[in-house]
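Chain and residue survey
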Amino acid sequence: MNKVIPEHVEGSFMRNRKEAERPYLEEIKQVFKDIEKVYVPMFDHDIAIREGLEEYSQFLEKAELQNG
């Protein structure tokens, strides 16, 4: 899943967005419980140029697949 808001965010706007996101993430976990997933955090910048794609790729290389 892409652009998952980190657990610890600053500011009421981002905390509210995180709370709004929570039920959807739970639903995805339940519906796709038998499928491995990678949770990609929301980066503090758009992934639009080569350097951003390299950063994204490095994250995926280190990411652990999660069930449930």
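Report follows, based on the coordinates. Remember, it's a predicted structure, so these values are computed and weren't measured experimentally.

In this section: the overall build of the chain. Check the secondary structure of the chain and you find two helices and zero strands. Per-residue burial over the chain gives 18% buried out of 68 residues. When contacts within the chain are restricted to residue pairs at least 6 apart in sequence, long-range pairs at least 24 apart make up 55% of them. Of the roughly 5,600 Å² of accessible surface on the chain, 52% is carried by carbon and sulfur atoms. Positive and negative side-chain charges of the chain, numbering 10 and 15 respectively, have mean locations separated by a distance of 4 Å.

On to the pattern of salt bridges. Taken as a whole and assessed by the stated rule, the structure comprises six salt bridges. Residues Glu 54 and Arg 50 are paired through a salt bridge, measuring 3.1 Å at the closest nitrogen-oxygen approach. With Glu 54 and Arg 50 both in helix α2 (residues 50-62) and four residues apart, this pair spans about one turn of that helix. On the accessibility criterion, Arg 50 (63% relative accessible area) is exposed. Through salt bridges with shared partners, a single network forms among Glu 7, Lys 18, Glu 19, Glu 21 and Arg 22.

To continue, consider the environment of Met 14. With respect to the helices, strands and loops of the structure, Met 14 is situated in helix α1 (residues 12-31). On the accessibility criterion, Met 14 (23% relative accessible area) is partly exposed. Those residues within four positions of Met 14 in sequence are excluded, and the remaining contacts are Ile 5, Val 9 and Met 42.

Conventions adopted
- Note that residues are indexed from 1 along each chain, following the sequence as it is written.
- Residue-level local features of this predicted model are given only where pLDDT is at least 70; pairs of side-chain atoms are given and counted only at 80 or more, and the full residue set underlies all totals for whole chains, interfaces and linings.
- Side-chain measures here rest on the full set of heavy atoms in the structure, leaving out hydrogens and waters.
- Secondary structure elements follow DSSP: runs of H or I no shorter than four residues count as helices, runs of E no shorter than two count as strands, and numbering proceeds from the N terminus.
- Summary of the burial criterion: residues with accessible area below 20% of their type's maximum are buried, those above 50% are exposed, and those between are partly exposed, where the area comes from a 1.4 Å probe applied to protein chains only.
- Residues count as neighbours in contact if any of their non-hydrogen atoms are within 4.5 Å of one another.
- Accessible surface area values rest on a Shrake-Rupley calculation with a 1.4 Å probe, where residue burial reflects the displayed protein chains alone.
- Charge counting treats Lys and Arg as positive and Asp and Glu as negative, with His and both chain ends excluded.
- Where a charge sits is defined by one atom per residue type, namely NZ (Lys), CZ (Arg), CG (Asp) or CD (Glu).
- Salt bridge criterion: a side-chain nitrogen from Lys or Arg within 4 Å of a carboxyl oxygen from Asp or Glu.

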